[in-house]
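Each chain, letter by letter, is given below.
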Amino acid sequence: MKIISMKDINKKIGGKQILSNANFELNSKEICALIGPNGAGKTTFLKVLLNLINADTGIVEINDSQMTSKNINYLLPKFGVMLKYPESISKLSINNLFKQHEHYMKVRQVDSTENLLKKVKLNVTLDTEVGKLSLGMKQRLLLALAISSDPTVIILDEPFNGLDVDGVDLFKSILKELREKGKSIIITSHSLSDLNGLVDSVIFLNNGTTLPKISMQVIDKKYNGSIKDYYREVHNND
Amino acid sequence: MTNDDLKYEISNFKKTFKSTFIISLLIQLLILIFFFMVGYLDRESDDSIFEHFNSLIGFSSLLSALLISIYISVRSVKYIISNYMGDNKVFLYLYPNGRTGIFQTKLCAFLLVSILAQLVGSFLVNILFLIFSRITNVLPPDVNYIGFIAVTFAVVLLSLFVITTSIVIGVRLSSKVATVISSIILVAILCNPLSFLCAYSAYTSLLCAVILVFVSLILVQYCKHYLKNDEVLR
């Protein structure tokens, strides 16, 4: 079942064409990696999906509903998002952060804060100040926050930053578990080897244009399962 | 904006009440004492505004309210403006109503708590001074109580205008510095003309204050429109 559809997305910023007829589809129970070189437009692409940027042309659909200013407040709770860490939450305790998230999302937390922290193996007390956590711990916290409202679509921008090997493995197992529960996941990462064994499909974005989505079955056949080799080939051909 | 939303934001801001109250109290007290002493020591002039309760209170309340507005605008940098900068802005925008709804609620809650603290602090000093002047007879006994109330509300509304406008400017420009500087500039522009009004006509100053509050409401609507259409390009 198609969850997200982005068709012919164009966006110019400051006279430069950042996205050019970019297309994307995501189904339920799918983990898709959005890869591309620096400056390819990946973050802009995600921002268009999340209504942080308005596309000049093109259509974004969530569950067959076109995203507009009228229904955006209804659609946003369907997303669980892990982007860059915001300094505004540094002074909050973990408990207050989750309370704030629940209040602003207008959606009950799917589990208690303690259980969510246990899930991401974050062994800290609820009154710990968020700003005092290490980078890896903050990443775990942000993942717990992103999944706390039981979203339909989970978007993760460079989630493996600052994680140790155990952290990466933990994240992968959590994401696979979420996929089995019917969630759809978009993930960007410059560490392509971390995506192996996790994603179901890959979409390559360069100079604002997307190549057709490729499944991991094809990458397994043609590139011995190496997303890096696929990346090198398409990037050299571009 | 629901009651629950407003209560939630007020609970976040209520820790600012005590400090704003104390600062308001101290500033009002110091300015009042200063101008009282100026009036008391300058008895040679026939009609010093500092020798009449209403004009003394009006002038000192205006000045202290404008100074307190700068202080509250500086506090707003931490509690409101910083939420609309960089990645903090992205974090908020991803919530339903994260653009206009949360901004409006935060603004209302912050203003409610701050203005209330300012009102209580300044009013307390003014009442104590009224009692003091009655007991000691240092000022003529003719007090226009309605004018006194009018001036109190006028200066609070003026504060509201300065704080709201500086917050709107800060959010619009995503700049902490712009918030503080705009509050200082507004105070510098308003101080002189309004000081004459407050000293001589409490009702005119109240009318001016009401007009300025309407202006700030228009600015808030503009800010909401901006936030609704804002693009997070970086």
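Conventions and cut-offs
- Numbers given for residues are sequential positions, taken from 1 along each chain in its written order.
- Chain A is the first chain written and ligand 1 is the first ligand written, with later ones labelled in order.
- Per-residue local features of the predicted model are confined to residues with pLDDT of at least 70, and side-chain atom pairs are confined, for both listing and counting, to 80 or more; whole-chain, interface and lining totals are unaffected and use all residues.
- Note on conventions: DSSP H or I runs of at least 4 residues are helices, E runs of at least 2 residues are strands, and numbering of each starts at the N terminus.
- Radius of gyration here uses only the C-alpha atoms, and the compact-globule reference equals 2.2 Å multiplied by the residue count raised to the power 0.38.
- Neighbour density around each residue's C-beta defines its exposure: 20 or more other C-beta atoms within 10 Å make it buried, 12 or fewer make it exposed, and counts between make it partly exposed, where C-beta atoms are placed from the backbone.
- In this description, any two residues whose backbone-derived C-beta atoms lie within 7 Å of each other are considered to be in contact.
- As a working rule, the residues Ala, Val, Leu, Ile, Met, Phe, Trp, Tyr, Cys and Pro are called nonpolar, Asp, Glu, Lys and Arg charged, and the rest polar, with Gly in that last group.
- UniProt positions are given in the numbering used here, feature names are shortened, and annotations may be inferred rather than shown by experiment.
- Two strands are said to pair when DSSP picks up at least two bridges between them.
- The term nonpolar core refers to a group of buried residues, namely Ala, Val, Leu, Ile, Met, Phe, Trp, Tyr and Cys, whose C-beta atoms join them within 7 Å.
- For helices, the axis comes from a line fit to the C-alpha atoms of the stretch in contact; other axes are also lines fit to C-alpha atoms, and the angle between any two N-to-C directions lies between 0 and 180 degrees.
- Angle categories: roughly parallel below 35 degrees, roughly antiparallel above 145, roughly perpendicular from 65 to 115, and oblique for all the rest.
- Helix crossings get a hand from a simple test, with the near helix turned counterclockwise from the far one by less than a right angle marking a left-handed crossing and a clockwise turn marking a right-handed one.
- Here the expected span of a helix is defined as 1.5 Å times the quantity of residues minus one.

Looking at an unreviewed UniProt entry, one finds chain B named ABC transporter permease and attributed to Philodulcilactobacillus myokoensis.

Under the annotation held in an unreviewed UniProt entry, chain A carries the name ABC transporter ATP-binding protein and is attributed to Philodulcilactobacillus myokoensis.

> So what about the overall build of chain A? Which residues, and what values?
When you go through chain A residue by residue, the secondary structure sums to 9 helices and 11 strands. Taken against the 2.2 N^0.38 rule, which gives 18 Å for 238 residues, the C-alpha radius of gyration of chain A at 18 Å falls within 12% of a compact globule. Over its C-alpha atoms, taken along the principal directions, chain A stretches across nearly 50 × 45 × 35 Å. Evaluated residue by residue, chain A yields a buried proportion of 41% over its 238 residues. In chain A, the proportion of contacts linking residues at least 24 apart, taken out of those at least 6 apart, comes to 69%.

> Quick one: what's the story with the interface of chain A and chain B, residue by residue and with numbers?
Contacts between the two partners involve 19 residues from chain A, matched on the other side by 17 residues from chain B. Residue contributions to the side of chain A that touches chain B peak at 3 residues, all from helix α3 (residues 94-105) of chain A. The class makeup of the residues in the side of chain A that touches chain B is 11 nonpolar, 4 polar and 4 charged.

> Help me get a handle on the environment of Lys 213 of chain A, residues and values and all.
Residue and element names in this part refer to chain A. Considering the arrangement of structural elements, one finds Lys 213 in the loop between β10 (209-210) and β11 (214-215). On the basis of neighbour count, Lys 213 is assigned to the partly exposed category, with 19 C-beta atoms found within 10 Å. Each C-alpha atom, one on Lys 213 and one on Asn 23, is 9.1 Å from the other, the two residues being 190 residues apart in sequence. Discounting residues that sit within four places of it in the chain, Lys 213 has contacts with Glu 25, Cys 32, Ser 201 and Ile 203.

> Could you give an account of the UniProt feature "domain: ABC transporter" (unreviewed entry) in chain A, naming the residues involved and the relevant values?
Here, UniProt's "domain: ABC transporter" (unreviewed entry) annotation points to residues 4-232 of chain A. Secondary structure content for residues 4-232 of chain A is 34% helix and 26% strand, and the end C-alpha separation is 27 Å.

> Can you explain the pairing of strand β1 (residues 2-13) of chain A? Please cite residues and give values.
All names here are of chain A. Where β1 lies against strand β2 (residues 16-27), 8 bridges are found, and the strand directions are antiparallel. Bridging across to β2, Ile 4 finds its partner in Leu 26. Counting the residues between successive antiparallel strands, the hairpin from β1 to β2 contains 2 residues, one of them, Gly 14, with a positive phi of roughly 60°. In this structure, β1 lies alongside strand β4 (residues 57-62), joined through 5 bridges in antiparallel fashion. Among the inter-strand pairings, Lys 7 is bridged to a residue of β4, identified as Ile 59.

> Mind laying out the nonpolar core, listing which residues take part and the relevant values?
Among the nonpolar cores identified, the biggest contains 138 residues, and Ala 33, Ile 155, Val 199 and Val 202 of chain A together with Ala 154 and Leu 158 of chain B are the most heavily contacted of them. Excluding its chain neighbours within four sequence positions, the residues that come into contact with Val 199 of chain A are Ile 31, Cys 32, Ala 33, Ile 187 and Met 216 of chain A.

> Can you tell me about the packing of helix α2 (residues 15-41) of chain B against helix α3 (residues 53-79) of chain B, naming the residues and giving the values?
Residues and elements named next belong to chain B. Running from N to C, α2 and α3 point in directions that differ by 150°, and their axes come no closer than 9 Å. Between α2 and α3, the angle is such that the two are roughly antiparallel. As α2 runs across α3, the sense of the crossing is right-handed. In this structure, α2 uses Thr 16, Thr 20, Ile 23, Ser 24, Ile 27, Gln 28, Ile 31, Leu 32, Phe 35, Phe 36 and Gly 39 to contact α3, whose residues at the interface are Leu 56, Phe 59, Ser 60, Ser 61, Leu 63, Ser 64, Leu 67, Ile 68, Tyr 71, Ile 72, Arg 75 and Tyr 79. Its residues assigned to classes, the contact of α2 with α3 comprises 14 nonpolar, 8 polar and 1 charged.

> Outline the environment of Ser 64 of chain B, listing residues and values.
Residues and elements named next belong to chain B. For Ser 64, the position within the fold is in helix α3. Linking Ser 64 and Gln 221, residues 157 residues apart in sequence, is a C-alpha distance of 28 Å. When near neighbours in sequence (up to four residues on either side) are disregarded, Ser 64 contacts Ile 27, Gln 28, Ile 31 and Ser 122.

> How would you sum up helix α5 (residues 135-147) of chain A? Please name residues and give values.
Residues and elements named next belong to chain A. In this model, α5 (13 residues) spans 19 Å end to end at C-alpha, consistent with the 18 Å of a helix rising 1.5 Å per residue. Taken across its 13 residues, α5 has 10 buried, putting it largely inside the fold. Those residues of α5 that sit buried are Met 137, Gln 139, Arg 140, Leu 141, Leu 142, Leu 143, Ala 144, Leu 145, Ala 146 and Ile 147. Packed against the buried residues of α5 are β6 (79-82), α3, α4 (113-119), β7 (153-157) and α6 (165-180).

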